[in-house]
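Structural characterization, general
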Amino acid sequence: MGAYADIYQGWKDNPEQFWMEAAEAIDWVQKPSKAFFPDQDVYGRWFADGTCNTCYNAVDRHVAGGRADQAALIYDSPITGNQRSYTYAEVKQEVEALAAVLVDRGVEKGDRVIIYMPMVPEAAFAMLACARIGAIHSVVFGGFAAAELATRIDDCAAKCVISASCGIEPGRVIAYKPLLDEAIEISANKPESTVILQREQQGCERIDGRDFDYADEVGRHRAAGTEVPCVDLLATDPLYILYTSGTTGQPKGVVRDNGGHMVALQWTMKNIYGVDPGEVFWAASDVGWVVGHSYIVYAPLLAGNTTILFEGKPVGTPDAGTFWRVIADHKVAVLFTAPTAFRAIKKEDPEGALINNYDVSNFRMLYLAGERADPDTIHWAERVLKTPVIDHWWQTETGWTIAGNPVGIQLMEIKYGSPTVAMPGYDIQVLSDEGEELPRGELGNVVVKLPLPPSCFPTLWNAEARMREAYLEEFPGYYKTADAGIMDEDGYLFIMARTDDIINVAGHRLSTGGMEEVIAEHKDVAECAVIGITDPLKGQLPAGFLILNAGVNRPISEIQAEVIKLVREKIGPVAAFKIAVPVARLPKTRSGKILRATMQKVVDGEDFKMPATIDDPAIIDEIKASWDEHTG
Ligand code: COA
Ligand code: AMP
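All residue numbers refer to positions counted from 1 along the written sequence of the respective chain. Ligands are numbered from 1 and chains lettered from A, in the order in which they are written. Two thresholds apply to this predicted model, a pLDDT of at least 70 for residue-level local features and 80 or more for giving and counting side-chain atom pairs, whereas whole-chain, interface and lining totals are computed over all residues. Hydrogens and water molecules were not included; the side-chain quantities draw on all heavy atoms of the structure.

1. As for the nonpolar core
The following threshold applies: We define a nonpolar core as any set of buried Ala, Val, Leu, Ile, Met, Phe, Trp, Tyr and Cys residues linked to one another through side-chain atoms lying within 4.5 Å. Relative accessible area decides the class of each residue, using a 1.4 Å probe on protein chains only: under 20% of the type maximum gives buried, over 50% gives exposed, and in between gives partly exposed. Comment: elements are numbered from the N terminus, with helices defined as DSSP H or I runs of at least four residues and strands as E runs of at least two. The contact definition used throughout considers only heavy atoms, calling two residues in contact when any of these lie within 4.5 Å.
Core analysis: the largest hydrophobic core is formed by 123 residues, its most contacted members being W19, L128, Y295, Y298, F336, W400 and I428. For this core, the element with the most residues is helix α5 (residues 121-133), which contributes 10 residues. Once residues lying within four places of it in the same chain are set aside, the contact partners of Y298 are T54, M127, L128, A131, H137, L239, Y240, H261, L265 and H293. Core analysis: the second largest hydrophobic core is formed by 61 residues, Y116, I153, A576 and W627 among them.

2. What to know about the site of ligand 2
Short version of the rule: Note on definitions. A residue lies near a molecule or strand when any single heavy atom of the residue is within 4 Å of it. A 3.5 Å cut-off defines polar contacts: any pair of N or O atoms within that distance qualifies, except that in protein one atom must be a possible hydrogen donor and the other a possible acceptor, and neighbouring residues in sequence count only when both atoms are side-chain atoms. Here the open area of atoms and residues is found with the Shrake-Rupley method and a 1.4 Å probe, where only the protein chains shown may cover a residue. For this classification, Asp, Glu, Lys and Arg are treated as charged, while Ala, Val, Leu, Ile, Met, Phe, Trp, Tyr, Cys and Pro are nonpolar and the rest, including Gly, are polar.
Around ligand 2 there are 15 residues in total, and H392, T396, D483, R498 and R509 lie nearest to it. A distance of 2.8 Å is found between a nitrogen atom of ligand 2 and a side-chain nitrogen or oxygen belonging to D391. A distance of 2.7 Å separates a nitrogen atom of ligand 2 from a polar backbone atom of H392. Bound to the protein, ligand 2 loses 92% of the 490 Å² it would expose on its own. Considering only residue class, the shell around ligand 2 consists of 4 nonpolar, 5 polar and 6 charged.

3. A few points about the domain arrangement of the protein
To be explicit about the condition: Domain start and end points were adopted from an automatic or database domain assignment. Summed over both partners, the accessible area lost on bringing two parts together, with a 1.4 Å probe, is the buried area. Between Lys or Arg on one side and Asp or Glu on the other, a salt bridge is scored when a side-chain nitrogen of the former is within 4 Å of a carboxyl oxygen of the latter.
Taken domain by domain, the protein comprises domain 1 (3-312 + 392-446) and domain 2 (507-631). Distance from the C-alpha centre of domain 1 to the C-alpha centre of domain 2: 35 Å. With 16 residues of domain 1 in contact, the opposing surface of domain 2 contributes 14 residues. Buried area between domain 1 and domain 2, both sides added, is near 1100 Å², and the carbon and sulfur share of it is 49%. Inspection of the domain 1/domain 2 interface yields 1 salt bridge. Between E397 and R509 there is a salt bridge whose closest N-O contact spans 2.9 Å. Put simply, domain 1 and domain 2 have 5 residue pairs in polar contact (both at pLDDT 80 or more) between them. Looking at side-chain class alone, the side of domain 1 that touches domain 2 contains 5 nonpolar, 8 polar and 3 charged residues.

4. Concerning the pairing of strand β24 (residues 444-449)
In summary, the side chains of a regular strand alternate between the two faces of the sheet. To keep it simple, the criterion reads: DSSP-based pairing: two strands are paired if at least 2 bridges between them are found.
In terms of burial, β24 is a largely internal element, 5 of the 6 residues being buried. Two elements, strand β23 (residues 428-431) and β24, share 4 bridges in a ladder whose sense is antiparallel. Of the residues in β24, the one forming a bridge with Q429 is V447. Here 6 bridges tie β24 to strand β25 (residues 478-487), and the two strands are oriented antiparallel to one another. Residue pairing for β25: V446 is matched across the bridge by D483.

5. Considerations on the sheet that holds strand β18 (residues 332-337)
The line we're drawing: To obtain an axis, a line is fitted to C-alpha atoms, over the contacting stretch when the element is a helix, and the angle between two such axes runs from 0 to 180 degrees between their N-to-C directions.
If you trace the 7 strands from one edge of the open sheet to the other, you get β5-β4-β17-β16-β18-β19-β20, paired in mixed fashion. Edge strands, defined here as strands with exactly one partner in the open sheet, are β5 (82-87) and β20 (389-391). Between one strand axis and the next, the sheet turns through 20° on average, direction left out of account. Helix-sheet contacts for α5 involve β4 (71-77), β5 and β17 (306-310), and the interaxial angle to β4 is about 140°. Each of β4, β5, β16 (280-283), β17 and β18 is contacted by helix α11 (residues 322-330), which is oriented at about 145° to β18, the strand it contacts most.

6. Observations regarding the state of the cysteines
For clarity, the cut-off: Disulfide assignment relies on a single distance test, namely cysteine sulfur atoms paired within 2.5 Å.
What the rule picks out here adds up to 0 disulfides. The closest cysteine sulfur to the non-disulfide-bonded C160 is located on C130, 7.9 Å from its own sulfur. In this model C456 remains outside any disulfide bridge; the closest cysteine sulfur is found in C52, 17 Å from its own. For C456, a relative accessible area of 3% gives the class buried.

7. Digging into the packing of helix α17 (residues 596-604) against helix α18 (residues 618-631)
Between two packed helices, the angle of one axis relative to the other and the distance separating the axes together describe the packing. Under the convention used in this document: Any angle from 65 to 115 degrees is called roughly perpendicular, while one under 35 is roughly parallel, one over 145 is roughly antiparallel, and all others are oblique. The handedness criterion is simple: a crossing whose near helix is rotated anticlockwise from the far helix by less than a right angle is left-handed, and one whose near helix is rotated clockwise is right-handed.
Where α17 contacts α18, the two axes come as close as 10 Å, and the packing angle between them is 45°. Put simply, α17 runs oblique to α18. Where α17 crosses over α18, the two elements pack in a sense that is right-handed. Residues T598, M599, V602 and V603 of α17 lie in contact with α18, whose contacting residues are I620, I623, K624 and W627.

8. Topic: the environment of I531
When you line up the elements, I531 lands in strand β29 (residues 525-535). As for I531 and M599, which are separated by 68 residues in sequence, their C-alpha atoms are 7.7 Å apart. Setting aside chain neighbours within four positions, we find I531 in contact with T512, L541, P542, A543, F545, R596, M599 and Q600.

9. Observations concerning the pairing of strand β26 (residues 493-498)
Relative to β26, β25 runs antiparallel, the two being bridged by 5 bridges. Each residue of the ladder has a partner; that of M487, found in β26, is L493. Connecting β25 to the antiparallel partner β26 that follows it, the hairpin turn spans 5 residues, and G491 within it adopts a positive phi of roughly 85°.

10. Some remarks on the site of ligand 1
Close to ligand 1 lie 23 residues, the nearest being E169, P314, K538, R568 and K578. Contact distances for ligand 1 include 3.5 Å between an oxygen atom and a side-chain N or O atom of H508. Interatomic distance of 2.9 Å between a side-chain N/O atom of K538 and an oxygen atom of ligand 1. Burial of ligand 1 by the protein chains amounts to 84% of its free accessible area of 940 Å². Listing elements by their share of the shell around ligand 1, those giving two or more residues are β10 (172-175) and α12 (339-348). Residues belonging to the shell around ligand 1 are distributed by class as follows: 11 nonpolar, 6 polar and 6 charged.

11. What to know about the packing of aromatic side chains
Let me state the cut-off plainly: Two rings from Phe, Tyr or Trp (for Trp, the six-membered ring) form a pair when their centres are within 6.5 Å of each other. A pair whose planes differ by under 30 degrees is stacked, one over 60 is edge-to-face, and the rest are tilted. As a reminder, the over-ring test applies to NZ of lysine and CZ of arginine, requiring each to be within 6 Å of the ring centre and within 35 degrees of the ring normal.
In this structure the tally under the stated criterion is 35 aromatic pairs. On the numbers, 5.1 Å between centres and 80° between planes, the contact of Y86 with F125 is edge-to-face. Taken together, the positions of Y86 in strand β5 and F125 in helix α5 put the pair 39 residues apart, joining distant regions of the chain. You'll find Y86 and F125 in the same group, each marked buried. Both rings, one in Y240 and one in Y298, keep their centres 6.4 Å apart while their planes meet at 10°; by these two values the pair is stacked. One end of the pair, Y240, is in strand β14 (residues 238-244); the other, Y298, is in helix α10 (residues 290-302), and 58 residues separate them in sequence. For Y298, a relative accessible area of 0% corresponds to the buried category. Put simply, the rings of F18, W19, W28, F36, W46, F47, W267, W400 and Y426 touch in pairs and so form one group of aromatic residues. Stacked on the ring of F212, the Lys or Arg R105 has its end atom at 3.5 Å from the ring centre.

Encoded structure:
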């Protein structure tokens, strides 16, 4: 047996012992008496009688324990031309001052704080400041529109919002403040105050009495040396809520706790990513996504690493050599990003020649997640970087790897197209639609036997019934991942597709159902369907099919432009919705279900079987003809 198999079996034989040993790496206020409490909440809770503070473990203990002068966070922003490094001592100072500002604003333990920020260090400080005082943060990705921000403000009833005057995308500055003002305007639960970071690229007006200036407020407390102690929290108290796409326009508020989250994340740094404290770890993602929460902010800081916060793109800021430049400048040991970033680099610099301009000798390993890692991209990255490239599979709901290659335990043989094997904590099975365990090699529903391990969501924010219905009811005793896949004879998992309406665009998780809800609001649209089509760069792209109301005789180009604008305004540019095709009819089953999977195969030119239940096969040809006519 290899080391991985031993450790996995050891966890299976005695999960209690496995997780109590892992919990030793955390500094608890009150140590938990045991790991798992099966009778609490939906499926049990982890470390429920322990008390702790995540900010203490991510910052203060390193300052006290000899890392005060080590770089904790390096901000590298090719898009603005700025770079700055913060030691652990400096991070503590920034976080404590911001925590004092939140206390001034009346934010207390358990209150919710929305963080709507670009990729600036203050976004990480904001998360940690909330963690310090036991406030529950909810970070909203900058590419979402005002309506999406408002939905989140409302759902969690945020007391305060921390934001910035603007974000910067290649070629344009995005004014955040008007989006924030509009979101507050349309939200029913209005926050009492905001703290706004003014950026030099574009400032904004503040509303007197409601909007407070980040630099002034933090500066005052920094100068005064205001001390804000880390609040004792139950391990099960929420650390954050992260909204993710669900099957309707209403996003799901994934809840993360403090204790289990720390234990699992700290365990991953050595065992999955193979990094030791003090090394430089870079997750090229955004703090608005789960990868950013876990691997830009929490895990590397918990483990005493140096983390990189990168404000830029893999290409165009200024070129396809940016990633290599960052690796060389900061001696990055491990990079974690989405395959789409590498596809973008490969497209611009097919030979990978730009890497020759940089000394990347410190670099050891590339990790990919967020979407399927296609073998072509992996092979290309291996050739250019001359290191192993590791695929791993996880979800917002888990916060860490479900299946991966545990490099710190054992670098397992790489099978291209597979994120490798189940991590300790996850008993992964593949079930038929009827809930029967399928033989190895057969495609089915990928599920995880309950209980889920530490860090996984205990529930959805204010929506326990939705949690049960969306994840636990279809396969009793299991968590439904909503991914379809295959497990081979060696226990390697292959993730093939989603079983719900979620699509994955440039590593961003989006709901086609949510887009359909928006498009249906257009006055000329009678019915619509949105599907995910294959795209060589972004993996998938949304494509909308519209049936117009009878009697509409405006030019179709006008309606297409309006529909595209509507999705951008309601969901945001991140939806990347740019294709809207008029059709006379949609293919449906006799019971009226739209055959989206068949539509996708037709449009992508894949082989497909005419569904036996289709009400009229001629519609398939109509769809194809309309697609060809309108997309060229
Ligand atoms: N704020 C405002 N707008 C944003 C934004 C943000 N934080 N992030 C993206 N957008 C906008 C983009 O400017 C783009 O607008 P456009 O339609 O006017 O061009 C739109 O949202 C779509 O963005 P994206 O899908 O990211 O496409 P892109 O062309 O800007 O970049 C990649 C393509 C591949 C370079 C980019 O997606 C990338 O770097 N991906 C890395 C993967 C990643 O971070 N995944 C997260 C999970 S690990
Ligand atoms: P998110 O919650 O945004 O991280 O998206 C999770 C979804 O992204 C998963 O359910 C998968 O559909 C997809 N995904 C993430 N990582 C991988 C991977 N390594 N391989 C295949 N699909 C992935």
